[in-house]
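Commentary on secondary and tertiary structure
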Amino acid sequence: MSSAPTPTDPTPADSDETPAFADLGLRPELLGALAALGYEEPTPIQREAIPPLLAGRDLLGQAATGTGKTAAFALPLLHRMPEERTGGDPVSLVLVPTRELAVQVSEAFHRYGKDLGARVLPIYGGQPIGRQLRALDAGVDVVVATPGRALDHIARGTLRLGALATVVLDEADEMLDMGFAEDIEAILEHAPARRQTVLFSATMPARIDGLARQHLTDPVRIQIERERTVAGEAPRVRQSAYIVARAHKPAALGRVLDVESPTAAIVFCRSREEVDRLTETMNGRGYRAEALHGGMSQEQRDRVMGRLRAGTADLLVATDVAARGLDVEQLTHVVNYDVPSAPESYVHRIGRVGRAGREGVAITLAEPREHRMLKTIERVTGQRMTVDKIPTVADLRTRRLELTQAALRESLLEDDLEPFRAIVESLTDEFDMMEVALAAVKLAHEATLPGSADEEEIPQVAVRPPRETRPGYDRRGDGRARPGGTTQVFIGLGRRAGVRPQDLVGAITGETRVGGRDIGSIEIADRFSLVEVPSALADEVIRGLRGSTIKGRKATVRMDRDGGGGDGRRERPVDAARRDRR
Ligand code: AMP
């Protein structure tokens, strides 16, 4: 094989277009952490947000989950942390709407800041307060908190904001939707007036604008959801997406590939680490997968490309950087193992197929929380992406039989069956012709099956319609719900606390104007409950329950956020409970 680079392979010139993390001026400790994580280049929001944040500017960013926004604010905050920290009060406070996000964001801070020795603490309702008190007492640099619990600590004097240099409001629209507006105001009042304030929100309704106008000073504005149509540029490609929980992604990828049976496919991952891990997993599952990423030498890459072109590999697992400029004739499918961090990168990725009039397929595996990003991509490409159900085991079997049938038909049309005539003739002395044919088909079919057939059902994730089409959605954004709809209220106590439906009904009817007949479905899981109430009364129910106890205990009470619609940061609690029970 010639090792001379072909004009269509990735060229170094391509990689020069985007600034590297080092060009953004980040501290070496952070660059080291990013390299170890396998992040090859900043995402668009990181490119735009990091320099002004390093310079101490306020920032108003419109960006959804999946764009890399956490690192966009975490890296500058860590960079700006004083070298020698002696004080115990936090220098950064990040407010987030849910405890899941609090955990996720503080894990991100921890990962990026470990070489700086950053002390990061998530605080949220539902967790024993004692542990939080001890950690706060020992001294922290970054606190990632839900507004309610942060305010509790401020009131107790255990969270002191005097040393704060930066406050971040992450997913501000969600926080307002969940009724945290007053808590946020109260928290900001306790923060020093001279501070950096950063606000990220997936949408920019008037209320967010108001919040920004009041609390941000001359902010840099960044919008990652660009309403730009590049339909003309995008090739005609069949585009579909599957919503799948992270844990089931490798199985889902295998299932989709089996059903699609691509000639050759490229699977895009976000980091080198994920490329290596997925390549190994897919090889273990019987696919012929090759990794391609920026950490490989040109010679290694050429070898991989050679194997793909020669057909000895059929799956290329790659990062964006490595796959830039790639043109492989055999490619029929592009798979986004994660939703790409920017719609532009989606467009580039799917440009690898459907070239020169060839038919192409683009498949995106999205986690429930990334659902919103799909809509953004649709807007940018101006093309529909259908959300399909992950093929079931039965779908897979049907598809495999179809493939066997197609292979047999092809074989029948070819003229090379003579050598086998003697076998059939001798067998038909003994058996019926139909039975002989059935046995032959069975053998042919079984020969195509992978050694370790993956025959487990992959759980379907229910995605509810977008919030604005759901009953009870506050379309006017003025905090008053539409009459007629119902809303689910989340109560952080469940079966383990001995909660029964009558306890919930009792607490609600005792504390509010809501009558027993107004209460809809009640679901009690191990650790929480969901109660459906008229939307118009939801706020009252939440206030009432927050002010009272259930089974002698105080509970977290809030509007339920589900696994779809919003950005669905978490799966529906009911689904989680079902999963937990499995
Ligand atoms: P976020 O939008 O902050 O929820 O981030 C989405 C995902 O992208 C997270 O899993 C991050 O670890 C990952 N990520 C963020 N920045 C980068 C980057 N520059 N390269 C690769 N992965 C990234």
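Residues numbered from 1 in each chain as written. Predicted model: local features only at pLDDT ≥ 70, side-chain atom pairs only at ≥ 80, totals over all residues. Heavy atoms only, no water.

1. Some remarks on the overall build of the protein chain
We count it as follows: Strands are runs of DSSP state E lasting at least two residues, helices are runs of H or I lasting at least four, and both sets are numbered from the N terminus onward. Here the term buried applies to any residue with accessible area under 20% of the maximum for its type, exposed to any over 50%, and partly exposed to those in between, with areas from a 1.4 Å probe on protein chains only. Here the open area of atoms and residues is found with the Shrake-Rupley method and a 1.4 Å probe, where only the protein chains shown may cover a residue.
A tally of helices and strands in the protein chain yields 22 helices and 18 strands. Counting the 582 residues in the protein chain, one finds 51% classified as buried. Looking at the protein chain as shown, the accessible area adds up to about 27000 Å², and 51% of this sits on carbon and sulfur atoms.

2. Quick look at helix α12 (residues 272-284)
We count it as follows: For a helix, the expected span equals 1.5 Å multiplied by the number of residues minus one. In this description, one arc is meant: the one made by directions from the helix axis to the C-beta atoms. Every residue pair with non-hydrogen atoms within 4.5 Å of one another is taken to be in contact.
The first and last C-alpha atoms of α12 sit 18 Å apart over 13 residues, in line with the 18 Å expected at 1.5 Å per residue. Buried residues of α12: Glu274, Val275, Leu278, Thr279 and Met282, and no others. The arc enclosing the buried residues of α12, seen along the axis, measures out at 130°, which places them on a common side. For α12, the exposed residues lying more than 90 degrees away from the buried face are Glu280 and Gly284. Taken together, the buried residues of α12 touch α11 (249-260), β9 (264-268), β10 (289-292) and β11 (315-318). Just downstream of α12, Gly286 is the residue with a positive phi angle, here 95°.

3. Quick notes on the site of the ligand
Just so we agree on the cut-off: If even one non-hydrogen atom of a residue comes within 4 Å of a molecule or strand, that residue is called near it. Nitrogen and oxygen atoms within 3.5 Å of one another constitute a polar contact, given that in protein one can donate a hydrogen and the other can accept it, and given that sequence-neighbouring residues count only through two side-chain atoms. By the convention adopted, Pro, Cys, Tyr, Trp, Phe, Met, Ile, Leu, Val and Ala count as nonpolar, Lys, Arg, Asp and Glu as charged, and the other residues, Gly among them, as polar.
Close to the ligand lie 14 residues; Tyr39, Gln46, Gly66, Gly68 and Thr70 are nearest. Between Thr67 and the ligand, the recorded distance is 3.0 Å, taken from a backbone N or O atom to an oxygen atom. Lys69 places a main-chain nitrogen or oxygen 3.3 Å from an oxygen atom of the ligand. In terms of residue class, the shell around the ligand is built from three nonpolar, seven polar and four charged.

4. What to know about helix α4 (residues 69-79)
Of all 11 residues that make up α4, 11 are buried, and the element is covered over most of its length. For α4, the secondary structure elements touched by its buried residues are α2 (28-37), α3 (44-54), β2 (92-95), α5 (99-113), β5 (166-169) and β6 (196-201).

5. Some remarks on the packing of α11 against α12
Put simply, the rule reads: Axes here mean lines fitted to C-alpha atoms, for a helix over just the part in contact, with angles spanning 0 to 180 degrees between N-to-C directions. Each angle receives one of four descriptions, namely roughly parallel if under 35 degrees, roughly antiparallel if over 145, roughly perpendicular if within 65 to 115, and oblique otherwise. Crossings are classed by handedness, with left-handed meaning an anticlockwise turn of the near helix from the far one by less than a right angle and right-handed meaning a clockwise turn.
Contact geometry of α11 with α12 gives a least axis separation of 11 Å together with a crossing angle of 55°. The angle between α11 and α12 places the two elements in the oblique class. As for the relative orientation of α11 and α12, their crossing is right-handed in sense. Taken together, the residues of α12 that come into contact with α11 (itself represented by Pro250, Leu253, Gly254 and Leu257) are Leu278, Thr281 and Met282. Residue classes in the contact of α11 with α12 are distributed as five nonpolar, two polar and no charged.

6. Here's the deal with unusual backbone geometry
For Glu171, which is not glycine, the phi dihedral falls at a positive 50°. Of note, Ser261 is a non-glycine position whose phi angle comes to about 35°, a positive value. Locating Ser261 in the fold gives a position in the loop between α11 and β9. Using a relative accessible area of 31% as the deciding quantity, one classes Ser261 as partly exposed.

7. Quick word on the nonpolar core
Inclusion rule: Take the buried Ala, Val, Leu, Ile, Met, Phe, Trp, Tyr and Cys residues and link them wherever side-chain atoms come within 4.5 Å; each set so joined is a nonpolar core.
Counting 42 residues, the largest nonpolar core has Phe73, Leu75, Val94, Phe109, Tyr112 and Val144 as the members making the most contacts within it. Elements represented by at least two residues in this core include exactly α2, α3, α4, α5, β4 (142-145), β6 and β7 (220-223). Of the residues forming this core, the biggest block, seven residues, is contributed by α4. Discounting residues that sit within four places of it in the chain, Val94 has contacts with Phe73, Leu77, Val105, Phe109, Val143, Val144, Ala145, Val168 and Asp170. One finds Leu308, Ala318, Val353 and Leu374 within the second-largest nonpolar core, a separate group that totals 32 residues.

8. Notes on the pattern of salt bridges
For side chains of opposite charge, pairing can occur when their charged atoms come near one another. What counts here: Salt-bridge detection follows one rule: a side-chain nitrogen of Lys or Arg within 4 Å of a carboxyl oxygen of Asp or Glu.
Evaluated as defined, the whole model comprises 35 salt bridges. Put simply, Arg27 and Glu83 hold a salt bridge, and the shortest N to O gap is 3.8 Å. Here Glu83 lies in the loop between α4 and β2 and Arg27 lies in the loop between α1 (12-15) and α2, a separation of 56 residues in the sequence. In this structure, Glu299 and Arg303 form a salt bridge, with 3.5 Å as the shortest nitrogen-oxygen distance. Here Arg303 and Glu299 lie together in helix α13 (residues 298-310), a separation of four residues that amounts to about one turn.

9. Some remarks on a nonpolar patch on the surface
Note the following rule: Put simply, a patch holds well-exposed residues, over 30% relative accessible area, that have no salt bridge, with like charges counted together within 9 Å and Val, Leu, Ile, Met, Phe, Trp or Tyr side chains within 5 Å.
Residues Leu412, Leu417, Phe420, Ile423, Leu427 and Phe431 make up a contiguous nonpolar surface patch of roughly 570 Å² in combined accessible area. Relative to the elements of secondary structure, Leu412 occurs in helix α17 (residues 393-413).

10. Quick look at the sheet that holds strand β8 (residues 237-243)
Note the threshold: Here, any two strands with at least 2 DSSP bridges between them count as paired.
The sheet built from seven strands is open, its strands ordered β10-β11-β9-β12-β13-β8-β14 with parallel pairing. Two strands bound the open sheet, and with one partner strand each, they are β10 and β14 (386-388). Sheet twist, expressed as the mean angle between neighbouring strand axes with direction ignored, is 25°. When β9 meets strand β12 (residues 331-336), the two strands line up parallel, connected through five bridges. Bridge pairing in β12 links Ala265 to His333. In this fold α12 packs onto β9, β10 and β11, with an angle of close to 175° to the strand it touches most, β10.

11. Looking at the environment of Asn336
Tracing the backbone through its elements, the reader meets Asn336 in strand β12. The buried category is assigned to Asn336, whose relative accessible area is 0%. In this structure, the C-alpha to C-alpha distance between Asn336 and Val267, residues 69 residues apart in sequence, is 5.9 Å. When near neighbours in sequence (up to four residues on either side) are disregarded, Asn336 contacts Phe268, Tyr346, Arg349, Ile363, Thr364 and Leu365.

12. Focus: the side chain of Thr381
Considering the arrangement of structural elements, one finds Thr381 in helix α16 (residues 371-381). Take Thr381: its relative accessible area is 1%, and that puts it in the buried class. Within polar-contact distance, the side chain of Thr381 engages the backbone oxygen of Glu378 at 3.4 Å. Polar side-chain contacts of Thr381 include one of 3.2 Å to the backbone nitrogen of Gln383.

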